[in-house]
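# Coordinates in review
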Amino acid sequence: MPIGSELPALMRYGLLSHSEERSDSVHPYTYACPLRWSDADVYGHVNNAEYLRYMEEARTRMFQEVLPDDEEGRRQSAFVVGRTVMDYRAPLHYRLEPVDVRVWVAKAGAATFDLAYEIRDADRLYVEATTTIVAYNLDAGRPRRLSDLERAFLARYTKP
């Protein structure tokens, strides 16, 4: 069953409000990520490893609303990164202004999904990347299936 096909049922049963309903276009999550002086290398541009941190910060903030509040729930409904691919497009020099990290769902399955990222500002694209995220039960030490609530959340950021 493709992601999003259960949205009408979730709305019918009150699990999803009309404000969370999917539209016909992708709505990437955008995080204005501040740059830190320590992010820059000797050449004055952001070190390549820092982009992984920027992506993690954006992803963590994006998923705050769907993660359980309690520690036990978080352990049983965790997400782990299975793979990351990054293409560097232009150097990002340290500056006081934040850079936008845009995140959307590129593909989803039963227990994994791919997030696509752009790290950019209005004038320039610095990085394009994808991560494969695995739904994981830390207590059981194995992957788990995505819940209906998680699938509905992902659908908000998925291309139709």
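Residues numbered from 1 in each chain as written. Predicted model: local features only at pLDDT ≥ 70, side-chain atom pairs only at ≥ 80, totals over all residues. Heavy atoms only, no water.

### Re the overall build of the chain
- Looking only at helices and strands, one finds four helices and six strands in the chain.
- Walking the chain from its N terminus toward its C terminus, one meets helices and strands in the order α-β-α-α-β-β-β-β-β-α.
- Here the chain holds 160 residues, and 39% of them are scored as buried.
- Contacts in the chain between residues at least 24 apart in sequence constitute 67% of all its contacts with a sequence separation of at least 6.
- Only carbon and sulfur atoms are counted for the fraction: they give 50% of the accessible area of the chain, which is about 9,300 Å². (Helix = DSSP H or I, 4+ residues; strand = E, 2+ residues; numbered from the N terminus. Buried < 20%, exposed > 50% of the residue type's maximum accessible area, 1.4 Å probe, protein only. Contact = heavy atoms within 4.5 Å. Areas by Shrake-Rupley, 256 points an atom, 1.4 Å probe, with all protein chains shown as cover.)

### What about a negative patch on the surface?
- Taken together, the side chains of D69, D70, E71 and E72 make up a negatively charged region of the molecular surface.
- Mapped onto the elements of the fold, E71 is located in helix 3 (residues 71-76). (Patch = residues over 30% accessible without salt bridge, like charges linked within 9 Å, V, L, I, M, F, W, Y side chains within 5 Å. Salt bridge = Lys/Arg side-chain N within 4 Å of Asp/Glu carboxyl O. Lys, Arg positive; Asp, Glu negative; His and termini not counted. Charge placed at Lys NZ, Arg CZ, Asp CG, Glu CD.)

### Looking at the pairing of strand 4 (residues 112-120)
- Counting buried residues along strand 4, eight of its nine residues qualify, which places the element largely inside the surrounding structure.
- The hairpin formed by strand 3 (residues 99-108) and strand 4 contains three residues between the paired strands.
- Taken together, the nine bridges between strand 4 and strand 5 (residues 125-137) define a ladder with antiparallel strand orientation. Residue pairing in the sheet places I119 in a bridge with V127 of strand 5. (Pairing = 2+ DSSP bridges.)

### Focus on the packing of aromatic side chains
- The tally for this structure, following the rule as stated, stands at eight aromatic pairs.
- When the centroid spacing of 6.0 Å and the interplanar angle of 85° are considered together, the rings of Y51 and Y54 count as edge-to-face. Within this pair, Y51 and its partner Y54 are both found in helix 2 (residues 48-63), separated by three residues, close to a single helical turn. Of the two residues, Y51 and Y54, both sit in the buried class.
- Ring centres of F79 and F113 lie 5.6 Å apart, and the angle between their planes is 75°; this geometry places the pair in the edge-to-face category. Of this pair, F79 sits in strand 2 (residues 78-88) while F113 sits in strand 4, and the two are 34 residues apart along the sequence.
- Joined through ring pairs, the aromatic side chains of F63, F79, F113, F153 and Y157 make up one cluster.
- Taking the ring centre of F79 as reference, the NZ or CZ of R144 above it sits at 5.2 Å. (Phe/Tyr/Trp six-rings, centres within 6.5 Å; stacked < 30°, edge-to-face > 60°. Lys NZ or Arg CZ within 6 Å of the ring centre and 35° of its normal.)

Taken by themselves, the reported measurements are silent on function.
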